[in-house]
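Each chain is listed here by its residues.
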Amino acid sequence: MLRKFFKSLFSHSFLIFMTIISIGPFLWLISTALKSKNENIFAYPPQFIPQHITLENFIGAWQQVPFMGYIINSTIVTVLTIVLNLLFASLAAYPLVRMEFNGRGGCFFATLATVMVPCQVIMIPLYLLTLRLNLVDSYGAVAGFAGMILPFGVSAFGILLMRQAFMAIPKELEEAAIIDGCNVFQIWWKVLMPLVKPSLATLAIFTFVGCWGEFLWPSIVLTKQEMFTLPVGLNYLQGFFSSNWRFISAGAIISTIPILIFFLALQKHFVGGQTQGAVKG
Amino acid sequence: MLDYSNDIYNPDFVGITNYITLFHSSIFWKTMWNTVIYLVVAVPLLVILPLIIAIVINQKLRGITFYRVSIYLPVVVSIVVAGIAWKWLYADSGILNYFVTLLGFDKIGWLTDPKYSLYSVILVTVWKGLGYYMMIYLAALTSVPTDLYEAADIDGANLLQKHLTVTIPHLLPAIALVSIISSISAMKVFVEIYVMTQGGPLNSSMTVVYYIYQKAFENLDLGYASACGVVLMVIIMAISVLNIKKIEGGKFSA
């Protein structure tokens, strides 16, 4: 009994410690953002709970930086990237699993190999290609969005994930569909796609998180402020408010709210989704 | 093998000049060394810490969902936000220095002292990865047969022995997976550095990837940066192939 008690005491203290480490930086950010102008944010010892809670920093940051525009841009980029990923990954994975054609193995390994190439290495040729195709924001908003979205329209990870999902579906279903007179495209769309919905959801979530936080590529291709996505805008804000940490913290929190809502609402899927595609031990 | 300095659309062919300059550049070797430190420090931490967390969290405890969600939270939040949050913790008269002075030491220039800046950035990378790797381990833990623990109980094994003899051997594939993913991603760190130190001070926190970025998109020396990128790619591929070989070897022996 006593041993059990100590075991759970230890577990709890360890986990509470880890929790503080994990969310502490954010709590400190929130605390800073809620402090009014009259309060010293560098006070020694630090004031963990603000004396006079105020929203003035949030209002100030919101008024000086076009957050709404950033959020809209991020949303457009993220939604379209997710749609393209779901479409292309499942279209590419289906033949890899179910069609016999010459070079299938080669195609699969070529896809697999791209996982190993670091994205920063591809950035340079990708940037030159985007410049040549005029897909940068100096050619208008549509070109700018296309330049941001198209390079991430499909990922090897997505193809591999969908490939696993399709492999799990029994062949008999397809045979039945063929007898019922379905063509290949109908099999894919009407029979298989509804069955792989969980994997599609996982892929959508992964793409969402990756895309919403993507910083490097947008910061390379974007030149116009009104095209900025949230991470790029946030980094810009950091310089803009130089060392006004109240405003910087407020801005950082504002930009986190959308993903936080998304995460807490779909918390179960996040946790479950992680297990798919990972090696089972 | 191209020089973009005259015209970005019509580069000149310059042979292997870029590679020669690269291998003679002291900054390149400095960034290489920094990347090695990044690997050596971050990867073991990212392999071991999440494993411990996963084992502890894989119990029936009150508030377990809260712990899971909290520890996973840094993974979801944008790395730019994380960088800002940590920059604020690392501030000269910030909260971490308060604890440091509380313990009786002098203030540390976390991000401004060339001695510490790289390690400060590594700490953020590790912090942000804990939750992700914890989830991979948790997924693998579900497949460890519980009757093995009961058998170990009957044999009179204590808690530590149980985990060393039952859990760890079952998790070997997951451990291998985590070490591959974390070493590849440690070689690719960029945003943390960009947001917090910009590679400084004195290039002390500059890694190869950041160097590529700086050369390509700040100095617009695309040819030179590409040469650097090719070198990095070769290294990453070599590591991946080695790792994959090792895992396959491990599978046969297991």
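This one's a predicted model, so the numbers in the text were calculated from it and none came from an experiment.

Novice: What should I look at first to understand the overall build of chain B in this one?
Specialist: A count of helical and extended segments in chain B gives 11 helices and two strands. Referenced to the eigenvectors of the C-alpha coordinate spread, the extents of chain B come out at roughly 75 × 50 × 30 Å. Taking the contacts inside chain B whose residues are at least 6 apart along the sequence as the reference set, 66% of them involve residues at least 24 apart.

Novice: What should I look at first to understand the overall build of chain A in this one?
Specialist: When helices and strands are counted, chain A shows 14 helices and zero strands. For 281 residues, the compact-globule estimate of 2.2 N^0.38 gives 19 Å, and the C-alpha radius of gyration of chain A, at 24 Å, exceeds that figure by more than 25%. Projecting the C-alpha coordinates of chain A onto the three principal axes gives extents of approximately 75 × 70 × 35 Å. Taking contacts inside chain A between residues at least 6 apart in sequence as the whole, the part at least 24 apart equals 73%.

Novice: Explanation requested: unusual backbone geometry in the structure shown.
Specialist: The residue A:Asn134 is not glycine, and still its phi comes out positive at about 60 degrees. Inspection of the secondary structure assignment puts A:Asn134 in the loop between helix H5 (119-132) and helix H6 (141-149). Of note in the backbone geometry, B:Asn203 takes a positive phi value of approximately 60 degrees without being a glycine. By the element assignment, B:Asn203 lies in the loop between helix H9 (191-196) and helix H10 (208-218).

Novice: Explain the interface of chain B and chain A here, please?
Specialist: The extent of an interface is frequently quoted as the accessible surface area lost upon association of the parts. Taken together, the contact pairs 59 residues of chain B with 52 residues of chain A. When grouped by side-chain class, the residues that make up the side of chain B that touches chain A number 47 nonpolar, 10 polar and two charged.

Novice: Explain the confidence of the model for chain A here, please?
Specialist: Here chain A averages 83 in pLDDT, while 94% of its residues score no lower than 70. Counted against residues more than four places away or in other chains, residues 274-281 of chain A, with its pLDDT under 50, gives 24 contacts.

Novice: Honestly, the packing of helix H1 (residues 2-33) of chain A against helix H4 (residues 79-89) of chain B in this entry has me stumped. Any pointers?
Specialist: How two helices sit against one another is set out by the angle between their axes and by the gap between those axes. As a packed pair, H1(A) and H4(B) sit with axes 9 Å apart at the nearest point and diverge in direction by 75 degrees. Here H1(A) lies roughly perpendicular to H4(B), going by the angle between them. On the side of H1(A), the interface is formed by A:Pro25, A:Phe26, A:Trp28, A:Leu29 and A:Thr32, while H4(B) contributes B:Ala85, B:Trp86, B:Trp88 and B:Leu89. Its residues placed into classes, the contact of H1(A) with H4(B) shows eight nonpolar, one polar and no charged.

Novice: Would you explain H4(B) in this entry?
Specialist: Along an α-helix, a turn takes 3.6 residues, which lines up residues three or four apart on a common side. Within H4(B), 11 of the 11 residues are buried, which leaves the element mostly enclosed by the surrounding structure. Restricting attention to buried positions, one finds in H4(B) the residues B:Ile79, B:Val80, B:Val81, B:Ala82, B:Gly83, B:Ile84, B:Ala85, B:Trp86, B:Lys87, B:Trp88 and B:Leu89.

Novice: Even after reading the chapter, I still don't get the nonpolar core, so can you show me in this structure?
Specialist: Within soluble globular proteins, side chains that are nonpolar tend to cluster in buried spots. If you look at the biggest cluster of nonpolar residues, it comprises 140 residues, and the most contacted ones within it are A:Met162, B:Ala85, B:Met134, B:Ile136, B:Tyr137 and B:Cys228. No other element matches helix H6 (residues 117-141) of chain B, which puts 17 residues into this core. The residues that make up this core include at least three from each of domain 1 (11-59) and domain 2 (66-240) of chain A. With sequence-adjacent residues up to four places away left out, A:Met162 is seen in contact with A:Ala89, A:Ser90, A:Ala93, A:Val196, A:Ser199 and A:Leu203.

Novice: Would you take a moment to explain the environment of B:Gly200 for this structure?
Specialist: Looking at the element boundaries, B:Gly200 is found in the loop between H9 and H10. Sequence-wise, B:Gly200 and B:Met32 are 168 residues apart; in three dimensions their C-alpha atoms are separated by 15 Å.

Novice: Can you walk me through the domain arrangement of chain A in this structure?
Specialist: For chain A, the domain assignment lists domain 1 (11-59) and domain 2 (66-240). On a C-alpha basis, the centres of domain 1 of chain A and domain 2 of chain A stand 37 Å from each other.

Novice: Explain the confidence of the model for chain B to me, please; I cannot follow it from the model alone.
Specialist: Low pLDDT means the predicted atomic positions in that stretch should not be read closely. Residues and elements named next belong to chain B. When pLDDT is averaged along chain B, the result is 82, and 91% of the positions lie at 70 or above. Mean pLDDT per element in chain B: strand E1 (residues 2-3) is the minimum at 62, and helix H2 (residues 26-57) is the maximum at 90. Below a pLDDT of 50 lies the segment residues 250-254, which in the model reaches three contacts outside its immediate sequence neighbourhood of four places, other chains included.

Rules behind the numbers
- Residues numbered from 1 in each chain as written.
- Chains lettered and ligands numbered in written order.
- Predicted model: local features only at pLDDT ≥ 70, side-chain atom pairs only at ≥ 80, totals over all residues.
- Helix = DSSP H or I, 4+ residues; strand = E, 2+ residues; numbered from the N terminus.
- Contact = placed C-beta atoms within 7 Å.
- Rg over C-alpha atoms; globule rule 2.2 N^0.38 Å.
- Nonpolar A, V, L, I, M, F, W, Y, C, P; charged D, E, K, R; others polar.
- pLDDT = per-residue confidence, 0-100.
- Axes fitted to C-alpha atoms, helices over the stretch in contact; angles between N-to-C directions.
- Parallel < 35°, antiparallel > 145°, perpendicular 65-115°, else oblique.
- Buried ≥ 20, exposed ≤ 12 C-beta atoms within 10 Å, placed from the backbone.
- Core = buried A, V, L, I, M, F, W, Y, C linked by C-beta atoms within 7 Å.
- Domains from an automatic or database assignment.

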